Amino acid sequence: MTPLSNGTSRDRLRIAIQKSGRLAEPARALLSACGLSWRESRDKLFCYGESLPVDLLLVRDDDIPGLIADGVCDFGVVGRNELNEQAGARQSIGLPAAYQELRALGFGGCRLMLAVPEAWQWSGPEQLQGTRIATSYPAILAQWLQEQGVQASVVELSGSVEIAPKLGTADLICDLVSSGATLAANQLKPVQTLLESEAVLAGPVRRFEDQRAQLAAMLLRRMDGVLKLKDSKLLMFRAERATVAELTRLLPDAEPLTTLAGSEEGPLSLQTMCHGAVTWQRLEELERAGAQGLMVLSVERSLA
Ligand code: ATP
Ligand code: ZN
């Protein structure tokens, strides 16, 4: 079987990720953290899985939903913006849903927003009646306009959306925003969020009926382990019994404290898994509240 053939039954999983761009490196890092490794092919379109029968396809992010819909790939790492846009486009021409968001991955965060010329006084969606809006996300925008009961014309552009108002091809834009610097450089200001986006793991709506089912379940379980531990640290310290209540209050994002050892008198040895950021400031605060010998340990993997 050639690597790209679309077999209905396969014993290897195929995951599509972005070849280069914002999501490429974090997607690889996530999959590596799940224990996958690959032998790269020379043309770097296809990476053959070595540690497990899970291969990678390196493509443009725009192609990922379609590859899943066609059964060429089983999973994909893609922005929610792209996935929802293509799902909306399929829906608008009466095609059935072919893929779904399985996990939010915590990177590639951005927002799909309306942005208007800085001089505009924004008063709400009703102001959009009769305007022209430039976007690369026509399906998401059209659906949102419909929900708002507003009629506006959608000007579809594949790139450089932010210069459309200056060129006079649109009155405002609907585009991805992360820092807002691009908007500001074009004298635009963000006024309304249509979608909170981040990278997601997308998969087919149908179930696997061959060996891929077990592989997919294993991959998802590992991914859940990695995602859960992403910002988690194991915190170890000693503390007098009397200070435990206050220390617990300072650790709202941690699991209940576990006592490792301790005699009737003297300090307890305690540990907990903390799921939020453990900054120096927090450690100093814990120390002031009575924690001694604080240690912060990275947690690599867990099957909890
Ligand atoms: P490709 O060559 O794969 O088509 P691209 O230019 O479409 O690349 P990138 O610019 O790398 O793609 O963006 C990929 C994804 O990163 C976006 O679809 C979005 O989900 C996410 N992203 C995060 N922040 C931003 C941002 N500020 N602008 C655009 N995309 C962003
Ligand atoms: Zn793209």
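No experiment lies behind these values; they were computed from the predicted model shown. Residue positions are counted from 1 within each chain, in the order its sequence is given. Chain letters and ligand numbers both follow the written order, the letters beginning at A and the numbers at 1. The model is predicted, so local features are restricted to residues of pLDDT at least 70 and side-chain atom pairs to those at 80 or more, both for listing and for counting; the totals for chains, interfaces and linings are taken over all residues. With hydrogens and water stripped out, all remaining heavy atoms of the structure feed into the side-chain values.

Asker: In this structure, what is going on with the overall build of the protein? I would like to understand it.
Answerer: Counting from the N terminus, the helices are the DSSP runs of H or I reaching at least four residues and the strands are the DSSP runs of E reaching at least two. Secondary structure summary: the protein contains nine helices and 16 strands in total. For the radius of gyration, the atoms used are the C-alpha atoms, and the globule rule reads 2.2 Å times the number of residues raised to 0.38. Compactness check: the protein gives a C-alpha radius of gyration of 24 Å against a globular reference of 19 Å for 304 residues, more than 25% above the reference. Overall, the C-alpha framework of the protein stretches about 75 × 60 × 35 Å when taken along its three principal axes. Split into buried and exposed, the 304 residues of the protein put 42% on the buried side. The contact rule is simple, with two residues in contact once any of their heavy atoms fall within 4.5 Å. Nonlocal contacts in the protein, meaning residues at least 24 apart in sequence, comprise 67% of its contacts between residues at least 6 apart. Charged residues are defined narrowly, with Lys and Arg counted positive, Asp and Glu counted negative, and His plus the chain ends left uncounted. By convention, the charge on Lys lies at NZ, on Arg at CZ, on Asp at CG and on Glu at CD. Averaging the positions of the 31 positive and the 37 negative side-chain charges in the protein gives two centres separated by 4 Å. For every residue, the accessible area obtained with a 1.4 Å probe (protein chains only) is divided by the maximum for its type, and the residue is called buried under 20%, exposed over 50%, and partly exposed between those limits.

Asker: Looking at this structure, how should I read the packing of helix α3 (residues 80-92) against helix α4 (residues 138-148)?
Answerer: Geometrically, a packed helix pair is captured by the angle between its two axes and the distance between the axes. Helix axes use the C-alpha atoms of the stretch in contact, all axes being lines fitted to C-alpha atoms, and the angles between their N-to-C directions lie in the range 0 to 180 degrees. Between α3 and α4, the least distance of the axes is 7 Å, while the angle of their chain directions is 70 degrees. Comparing the axis directions of α3 and α4 gives the class roughly perpendicular. Along its contact with α3, which presents Asn81, Asn84, Glu85, Gly88 and Ala89, the element α4 presents Pro138, Ala139 and Ile140. To sort the angles, those under 35 degrees are grouped as roughly parallel, those over 145 as roughly antiparallel, those from 65 to 115 as roughly perpendicular, and the leftovers as oblique.

Asker: Is there a simple way to explain the nonpolar core in this structure?
Answerer: Considering soluble globular proteins, one finds that nonpolar side chains tend to be buried as a cluster. Joining through side-chain atoms within 4.5 Å is the link that ties buried Ala, Val, Leu, Ile, Met, Phe, Trp, Tyr and Cys residues into a set, and such a set is a nonpolar core. In this structure, Ile15, Leu105 and Met223 are the most contacted members of the largest nonpolar core, which totals 29 residues. Elements with a contribution of two residues or more to this core: β1 (13-18), α1 (24-33), β4 (54-59), β5 (75-79), β12 (199-204) and α7 (212-229). In terms of residues, this core owes the most to one element, α7, which gives seven residues. When neighbours within four sequence positions are excluded, Ile15 is seen to be in contact with Leu31, Leu36, Val54, Asp55, Leu56, Leu57, Phe75, Gly76 and Leu219. Grouped together as the second largest cluster of nonpolar side chains are 16 residues, Leu114, Leu128, Leu172 and Leu195 included.

Asker: Can you walk me through the domain arrangement of the protein in this structure?
Answerer: As a measure of interface size, the accessible area lost when the parts come together is often cited. Note: domain ranges come from an automatic or database domain assignment. On domain assignment, one finds that the protein holds domain 1 (2-108 + 199-229), domain 2 (110-196) and domain 3 (233-298). One C-alpha centre belongs to domain 2, the other to domain 3, and the line joining them spans 48 Å.

Asker: Explain the site of ligand 1 to me, please; I cannot follow it from the model alone.
Answerer: The full set close to ligand 1 counts 15 residues, and Arg22, Arg60, Asp62, Asn81 and Ser178 are the nearest of them. Throughout this description, a polar contact denotes any pair of N or O atoms lying within 3.5 Å of each other; where both atoms belong to protein, one of them has to be capable of donating a hydrogen while the other can accept it, and for residues adjacent in sequence the pair is counted only when both atoms sit in side chains. Contact between ligand 1 and Gln18: an oxygen atom at 2.9 Å from a side-chain N or O atom of the residue. Contact distances for ligand 1 include 2.8 Å between an oxygen atom and a side-chain N or O atom of Asp61. Exposure was quantified through the Shrake-Rupley algorithm and a 1.4 Å probe, taking into account, for residues, occlusion by the shown protein chains and nothing else. Within the complex, 76% of the 640 Å² of free accessible area of ligand 1 lies under protein. Working definition: residue near molecule or strand if any one of its non-hydrogen atoms lies within 4 Å of it.

Asker: When you look at α7 in this model, what are you seeing that I'm missing?
Answerer: An α-helical turn contains 3.6 residues, so a residue and the one three or four places further along point in the same direction. Given a rise of 1.5 Å per residue, 18 residues ought to cover 26 Å, and the 26 Å separating the end C-alpha atoms of α7 matches this to within 8%. For α7, the set of buried residues is Arg212, Leu215, Ala216, Leu219, Leu220, Met223, Gly225, Val226, Leu227 and Leu229. For a helix, the expected span equals 1.5 Å multiplied by the residue count minus one.

Asker: Any chance you could explain the UniProt feature "domain: ATP phosphoribosyltransferase catalytic" (unreviewed entry) in the protein here in plain terms?
Answerer: When the UniProt feature table is mapped onto this chain numbering, "domain: ATP phosphoribosyltransferase catalytic" (unreviewed entry) sits at residues 60-222. The span residues 60-222 is 31% helix and 30% strand, and its two end C-alpha atoms sit 26 Å from each other. UniProt positions are given in the numbering used here, feature names are shortened, and annotations may be inferred rather than shown by experiment.

Asker: Whenever I open this one, the coordination of the zinc ion (ligand 2) confuses me. Can you help?
Answerer: Six octahedral donors around a metal ideally subtend angles of 90 or 180 degrees, whereas four tetrahedral donors ideally subtend 109.5 degrees. Metal donors: N, O and S atoms at distances within 2.8 Å, or within 3.2 Å for Na, K and Ca, with water omitted from the atom set so that some sites may seem incomplete. Surrounding the zinc ion (ligand 2) are the protein donor atoms Asp61 (OD) and Asp62 (OD), which sit 2.0 to 2.1 Å from the metal. When four donors show all angles between 85 and 135 degrees the site is tetrahedral, when four or six donors have opposite pairs over 155 degrees and all other angles between 65 and 115 it is square planar or octahedral respectively, and in every other case it is irregular. Every donor counted, the four donor atoms about the zinc ion (ligand 2) form angles of 70 to 177 degrees at the centre, which fits irregular coordination.

Asker: Is there a simple way to explain α3 in this structure?
Answerer: For α3, which comprises 13 residues, the first-to-last C-alpha distance of 18 Å matches the rise-based estimate of 18 Å (1.5 Å per residue) to within 8%. Of all the residues in α3, the buried ones are Arg80, Asn81, Glu82, Leu83, Glu85 and Gly88. One or two positions beyond α3, positive phi appears at Gly94, with a value near 80 degrees.

Asker: Would you mind showing me how to read the environment of Asn81 here?
Answerer: Within the fold, Asn81 resides in helix α3. Using a relative accessible area of 7% as the deciding quantity, one classes Asn81 as buried. A C-alpha to C-alpha distance of 13 Å links Asn81 and Asp63, two positions 18 residues apart in sequence. Excluding residues that lie within four positions of it along the chain, Asn81 makes contacts with Tyr137, Ile140, Leu176, Leu195 and Ser197. There is a polar contact of 2.8 Å between the side chain of Asn81 and the side chain of Tyr137.

Asker: Would you mind going over the pairing of strand β9 (residues 153-156) with me for this structure?
Answerer: Residues in a regular strand point their side chains to alternate faces of the sheet. Taken together, the four bridges between strand β8 (residues 132-135) and β9 define a ladder with parallel strand orientation. Across the sheet, Ile133 pairs through a bridge with Val154, a residue of β9. Orient the strands so they point away from the viewer; a crossover is then right-handed if the path from the first strand over the helix to the second runs clockwise. Taking the sense of rotation as the criterion, the β-α-β connection linking β8, α4 and β9 turns out right-handed. Paired strands, in this sense, are two strands between which DSSP finds at least two bridges.

Asker: Could you clarify how one ought to interpret the pattern of salt bridges in this entry?
Answerer: In a structure, side chains of opposite charge can pair up when their charged atoms sit close to one another. Within this document, salt bridges are pairs made up of a side-chain nitrogen of Lys or Arg and a carboxyl oxygen of Asp or Glu, the two lying within 4 Å of each other. By the definition in use, this model includes 14 salt bridges. Glu50 is paired through a salt bridge with Arg39; the nearest N and O atoms lie 3.8 Å apart. Separated by 11 residues along the polypeptide, Glu50 in the loop between β3 (46-49) and β4 and Arg39 in strand β2 (residues 38-40) bring together distant segments of the chain. Under the relative-accessibility criterion, Glu50 is labelled partly exposed at 47%. Given a relative accessible area of 48%, Arg39 falls into the partly exposed group. Through salt bridges with shared partners, one network takes in Arg10, Asp74, Asp210 and Arg212.

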